[in-house]
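Chain residues, written in single-letter form:
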Amino acid sequence: MTRPRAALVSLSDTPWYHVVTRCVRRAYLCGFDRLTGRSFEHRRGWVELRLRQLAGVFAIDVAAYAVMSNHVHLVVRVDADRAAGWSDTEVLRRRIKGTPTYR
């Protein structure tokens, strides 16, 4: 059963977290799919660029990451002090900057 982030993240205990996200239906994110014979390796660069962009937008430092065939591992540090100095306007500006544009 899923739990809200407020129940999972406790910055008073630690600012460091290991995060894992998986693709829907175990679809291929990167690598060579033997079933279809297609390579999705070109996506690895896209994921890495997006991680760098989002780390620059939000108060999260990415210490390590691994882009796997159907999931991504991250080791992140939440920088609460940096975020505490942001005004409401700055939070909105950063949120809009971090929103992907789909076409």
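As the structure is a computational prediction, the values presented were derived from the model and not from experiment. (Residues numbered from 1 in each chain as written. Predicted model: local features only at pLDDT ≥ 70, side-chain atom pairs only at ≥ 80, totals over all residues. Heavy atoms only, no water.)

Some words on helix α2 (residues 43–57)
Spelled out, the test is: In this text, helices come from DSSP runs of H or I with a minimum length of four residues, and strands from runs of E with a minimum of two, each type numbered from the N-terminal end. Helix span is expected to be 1.5 Å times the residue number reduced by one. Three labels apply to residues, based on accessible area from a 1.4 Å probe with only protein chains included: buried if under 20% of the type maximum, exposed if over 50%, partly exposed otherwise in between. The arc refers to the directions leading from the helix axis to the C-beta atoms. Whether two residues are in contact is decided by their heavy atoms: any pair within 4.5 Å suffices.
Relative to the 21 Å expected for 15 residues at 1.5 Å per residue, α2 spans 21 Å between its end C-alpha atoms, a close match to the ideal helical length. For α2, the set of buried residues is Val-47, Leu-51 and Val-57. Considered in projection along α2, the buried side chains sweep an arc of 125 degrees and stay on one side of the axis. The outward face of α2, more than 90 degrees from its buried face, is lined by the exposed residues Leu-49 and Arg-52. Packing partners of the buried residues in α2 comprise β4 (60–67), β5 (71–78) and α4 (88–98).

Regarding the side chain of Asp-33
Note the following rule: Charged-residue counts in this description rest on Lys and Arg as positive and Asp and Glu as negative, His and the chain ends being excluded. Note on definitions: salt bridges are taken to be side-chain nitrogens of Lys or Arg within 4 Å of carboxyl oxygens of Asp or Glu. Counted as a polar contact is a pair of N or O atoms within 3.5 Å, where, for protein atoms, one must be capable of donating a hydrogen and the other of accepting one, and residues adjacent in sequence contribute only when both atoms are in side chains.
In this structure, Asp-33 sits in strand β2 (residues 32–33). Notably, Asp-33 is buried but unbridged: the nearest opposite-charge side chain belongs to Arg-34, and the N-O separation is 6.9 Å. Within the local environment of Asp-33, its side chain forms a polar contact with the side chain of Thr-36, the two groups lying 3.1 Å apart. Those residues in contact with Asp-33 that sit more than four places away from it in its chain are Tyr-28, Arg-38 and Phe-40.

With respect to the packing of α2 against α4
Under the convention used in this document: Lines are fitted to the C-alpha atoms to define the axes, a helix being fitted only along its stretch in contact, and any angle between axes, read from their N-to-C directions, falls within 0 to 180 degrees. The scheme is simple: roughly parallel for angles under 35 degrees, roughly antiparallel for over 145, roughly perpendicular for 65 to 115, oblique for anything else. For this classification, the nonpolar set comprises Ala, Val, Leu, Ile, Met, Phe, Trp, Tyr, Cys and Pro, the charged set comprises Asp, Glu, Lys and Arg, and every other residue, Gly included, is treated as polar.
Where α2 contacts α4, the two axes come as close as 9 Å, and the packing angle between them is 175 degrees. Taken together, the axis directions place α2 and α4 in an arrangement best described as roughly antiparallel. Between α2, through Arg-50, Gln-53, Leu-54, Gly-56 and Val-57, and α4, the contact on the second element is made entirely by Arg-94, Lys-97 and Gly-98. Residues of the contact of α2 with α4, tallied by class, amount to two nonpolar, three polar and three charged.

Some details on the environment of Ser-12
Position of Ser-12 relative to the elements: it lies in the loop between α1 (5–8) and β1 (16–22). By relative accessible area, Ser-12 is classed as exposed at 70%. A distance of 3.2 Å separates a polar atom in the side chain of Ser-12 from a polar atom in the side chain of Ser-10.

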